[in-house]
Amino acid sequence: MARSRRRVALSFLFSFKGLASTIAVVGCFFFTCSFLLNVHVGSSSPTDHEVLGLKQYERNDGRHPLSLTSNALKAQLKETVRSMVDYQGLLLMHGSIARKLKLENSKLVRNFAEISINFTDLIKKASHCDVSDSNTALVHRFLKEAKERVKFAKQLISKSKGSFDSQLKIQKLKDTIFGLEEQMTKMKTKGQFAKSIAAKAIPRNLHCLALRLMQERIENPIRYINRQTKSRQPRQEFEDPNLYHYAIFSDNVLAASVVVNSLVQNAKEPWKHVLHIVTERTTLAAMEVMFKLKDHNGTHIEVKAVEDYKFLNSSYVPVLRQQESAELLGYYYGNGLENSTTDSSNLKFRNPKYLSMLNHLRFYLPEMYPKLLKILFLDDDVVVQKDLTGLWEIDMDGKVNGAVETCFGSFHRYDKYLKFDHPLIKETFDPKACAWAYGMNIFDLDAWRRDNCTEKYHYWQELNGNRTLWRLGTLPPGLITFYSTTKPLDKSWHVLGLGYNPGLSEEKIQNAAVIHYNGDSKPWLATAIPRYQPLWTKYVDYDLEFFRACNFAP
């Protein structure tokens, strides 16, 4: 019956409904402990004192214990026994509650029990202690031992207070959580920095691929001679405004090949599509070989280097002049880790890729392709999933740029990208205007020429030489250049976030004409989001010998 009652009591103590009662009991216990620890020696003695026949004694003569008479020793012995009885009671109470609370620190519970037993033994010795003058030394040794036990018990109780004081434990827990949050913030910032470094790095197999393709170009120059370039006359298809033209600017051979493969495989009439690929001089040979390894179902592909466009020089292009600034070079190539810890929100804008002319070619499309009427711009981290010819049939309503808007609620508005504390920005633009995405943009080149958009870009880019208007990158100047001249497209044309958001809707991805791996988790990196990688890897030419030689695996 007693065992059954004990189980019921323990069940109530640890049930959710009995939690409040348990806290109240513990609170009353600490009130009692505080009272006993601070009680004056003149208080009434416990029942154990009466059993031993001891009376209270206060030593106030200031004499050393060795100089005490037998009567004084007897009085001191009584006081010591009283203290031992008091602390034994406290130890028993602590031990009882510790067992009920099921403290993980079982060593503490054992200490309570062991010292309590020691006190019992000492109290028994005290009841038989001879306080005659002949036994003074023995009494002093006993008193010394007893006081040491009392002192240890007091320290143990004080040390264990945190195990019973709910408020103290809550405060310690809060302090611990706060410390962990600070550490997590620091580690998250460092993790973001490391991830951004990985995003900028070139994987070994990708570097191998570029070298293998370049070696092929050097060893077989006749096979890859560009007869059109040699004659300085572009092929007729490259200037035919009746065909579907695309602009892809990249120095990543693998990424560019995936864009081309996905576009060609999903085109209904690939022979009507013209791809203009522009790269840097260092990767030109590799790109030329890559896109001559197969015919791409009749798709017309032009490969050129930035240096082939002679009008792109520092006397005309503001970005090229700004690249000569020592302050700007320091901003990009300085101590990135140190800067990231103080301003992690700007970390992605400190990427040296923004100094590359490849990222600013998008503002010179009418001059690069003077005979074209429309052109579709594609980033190299996209995958085409459907035929895109419908984009040329969209009525642009006289607008220059057709793009998918990215704003929702207060997010991705102009005030996120531009510095509205600058009076010129504040006077010219609406901070709540909706931003849009680069990555898949249909440009009406005639409307561009009519509105002098390149001149607008130059004007604002010159003013931002000291970064007072926006935090660098190519999207902010794009938002400025095509402000009020952007045609919103249906969101199914371009779905973003596959490079940073693992929670995108499967239906949204499947229905998208173009999916975009914007963010640091690029699909060709080890940091890619596994869920989205197959959508990209299915367009990699794993069967080509160059891919096998560089250990590319599906």
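Refer to the preceding data block for the structure.
Summary of the structure given here.

Criteria and cut-off values
Residues numbered from 1 in each chain as written. Predicted model: local features only at pLDDT ≥ 70, side-chain atom pairs only at ≥ 80, totals over all residues. Heavy atoms only, no water. Helix = DSSP H or I, 4+ residues; strand = E, 2+ residues; numbered from the N terminus. Buried < 20%, exposed > 50% of the residue type's maximum accessible area, 1.4 Å probe, protein only. Areas by Shrake-Rupley, 256 points an atom, 1.4 Å probe, with all protein chains shown as cover. Pairing = 2+ DSSP bridges. Right-handed = clockwise from strand over helix to strand, strands pointing away. Core = buried A, V, L, I, M, F, W, Y, C linked by side-chain atoms within 4.5 Å. Contact = heavy atoms within 4.5 Å. Expected span 1.5 Å × (residues − 1). Phe/Tyr/Trp six-rings, centres within 6.5 Å; stacked < 30°, edge-to-face > 60°. Lys NZ or Arg CZ within 6 Å of the ring centre and 35° of its normal. Axes fitted to C-alpha atoms, helices over the stretch in contact; angles between N-to-C directions. Disulfide = S-S within 2.5 Å.

Focus: the overall build of the protein chain
So, step 1. A count of helices and strands for the protein chain gives 23 helices and 10 strands.
So, step 2. The burial tally for the protein chain puts 45% of its 554 residues in the buried class.
So, step 3. Here the protein chain displays about 29,800 Å² of accessible surface, and carbon together with sulfur accounts for 54% of that area.

Thoughts on the pairing of strand β1 (residues 244-249)
So, step 1. Most of β1 is tucked away: 6 of the 6 residues are buried.
So, step 2. Neither face of β1 is open: one carries Y244, Y246 and I248, the other H245, A247 and F249, and all of them are buried.
So, step 3. Sheet topology places β1 next to strand β2 (residues 273-279); 6 bridges connect them, and they run parallel. Counted as the bridge partner of Y246 is L275 from β2.
So, step 4. Between β1 and its parallel partner β2, the chain crosses via helix α10 (residues 253-266), and the hand of that crossover is right-handed.

Concerning the environment of T389
So, step 1. Within the element layout of this structure, T389 appears in the loop between β5 (382-384) and β6 (401-403).
So, step 2. Spatially, the C-alpha atom of T389 lies 9.0 Å from that of H273, the residues being 116 residues apart in sequence.

A few points about the nonpolar core
So, step 1. If you look at the biggest cluster of nonpolar residues, it comprises 64 residues, and the most contacted ones within it are L209, Y246, L254, F291, L376, L378 and L388.
So, step 2. By residue number, the principal contributor to this core is α10, which donates 9 residues.
So, step 3. For Y246, the contacting residues outside a window of four places in its chain are L263, H273, V274, L275, H276, I375, L376, L378, L388 and W392.

Some points on unusual backbone geometry
So, step 1. At H296, a position not held by glycine, the phi torsion is positive, near 55 degrees.
So, step 2. Locating H296 in the fold gives a position in the loop between α11 (284-290) and β3 (300-305).
So, step 3. With phi around 55 degrees, D397 is a residue other than glycine that occupies positive phi space.
So, step 4. Here D397 falls in the partly exposed class, since its relative accessible area comes to 48%.

A short note on α10
So, step 1. With 14 residues, α10 ought to run about 20 Å at 1.5 Å a step, and its terminal C-alpha atoms sit 20 Å apart, in line with that.
So, step 2. When we look at burial in α10, the residues that qualify are V253, L254, A255, A256, S257, V258, V259, V260, N261, S262, L263 and V264.

A word on the pairing of strand β7 (residues 440-444)
So, step 1. Judged by how many residues are buried, β7 sits mostly within the fold: 5 of 5 residues are covered.
So, step 2. Where strand β4 (residues 374-378) meets β7, 5 bridges bridge the pair, whose relative direction is antiparallel. Across the sheet, residue F377 finds its bridge partner in β7, namely N441.
So, step 3. Two strands pair when backbone bridges link them, and β6 and β7 are joined in this way by 2 bridges, in the antiparallel orientation. Across the sheet, N401 pairs through a bridge with F443, a residue of β7.

Thoughts on the sheet that holds β5
So, step 1. Spatially, β5-β10-β9 is the arrangement adopted by the 3 strands of the open sheet, whose pairing is mixed. Edge strands, defined here as strands with exactly one partner in the open sheet, are β5 and β9 (494-495).
So, step 2. Bridging between β5 and strand β10 (residues 514-516) involves 3 bridges; their strand directions are antiparallel. Note on β10: the bridge partner recorded for V383 is I515.

Focus: the packing of aromatic side chains
Aromatic ring pairs are described here by two measures, namely the spacing of the ring centres and the angle between the planes.
So, step 1. Throughout the structure, instances matching the rule amount to 24 aromatic pairs.
So, step 2. On the basis of an interplanar angle of 80 degrees and a centroid distance of 5.3 Å, the ring pair of Y459 and W460 is categorised as edge-to-face.
So, step 3. Judged by its relative accessible area of 46%, Y459 is partly exposed.
So, step 4. Look at W460 and you get buried, because its relative accessible area is 10%.
So, step 5. Here the basic side chain of K304 rests over the ring of Y309, its NZ or CZ set 4.6 Å away from the ring centre.
So, step 6. The cationic tip of K416 hangs over the ring face of Y417; the distance from NZ or CZ to the ring centre is 6.0 Å.

Notes on the sheet that holds strand β8 (residues 486-488)
So, step 1. Read across the sheet, 7 strands follow the order β3-β2-β1-β4-β7-β6-β8 without closing on themselves; strand pairing throughout is mixed. Here the strands that pair on one side only, and so sit at the sheet edges, are β3 and β8. In this sheet, adjacent strand axes meet at a mean angle of 25 degrees when their direction is disregarded.
So, step 2. Together, β1, β2, β3 and β4 form the strand contacts of α10, whose direction differs from that of β2 by roughly 175 degrees.

Focus: the state of the cysteines
So, step 1. Counted under the stated rule, the structure contains 2 disulfides.
So, step 2. At a sulfur-sulfur separation of 2.1 Å, the disulfide partner of C208 is C550. Residues C208 and C550 are joined by a disulfide whose S-S torsion is about -75 degrees; by sign, that bridge is left-handed. Of this pair, C208 sits in helix α8 (residues 204-219) while C550 is found in the segment after α23 (545-549), placing the two residues 342 residues apart along the sequence.
So, step 3. Here C407 pairs with C434 through a disulfide, and the sulfurs are 1.8 Å apart. Here C407 and C434 share a disulfide; its torsion about the S-S bond, -100 degrees, makes the bridge left-handed. Placement of C407 in the loop between β6 and α16 (414-417) and of C434 in the loop between α17 (423-428) and β7 is noted, with a sequence separation of 27 residues between them.
So, step 4. The class for C407 is buried, based on a relative accessible area of 17%.
So, step 5. You can call C434 buried: its relative accessible area is 17%.
So, step 6. Along the protein chain, the cysteines engaged in disulfide bonds are linked according to the scheme 1-4, 2-3 when indexed in sequence order.

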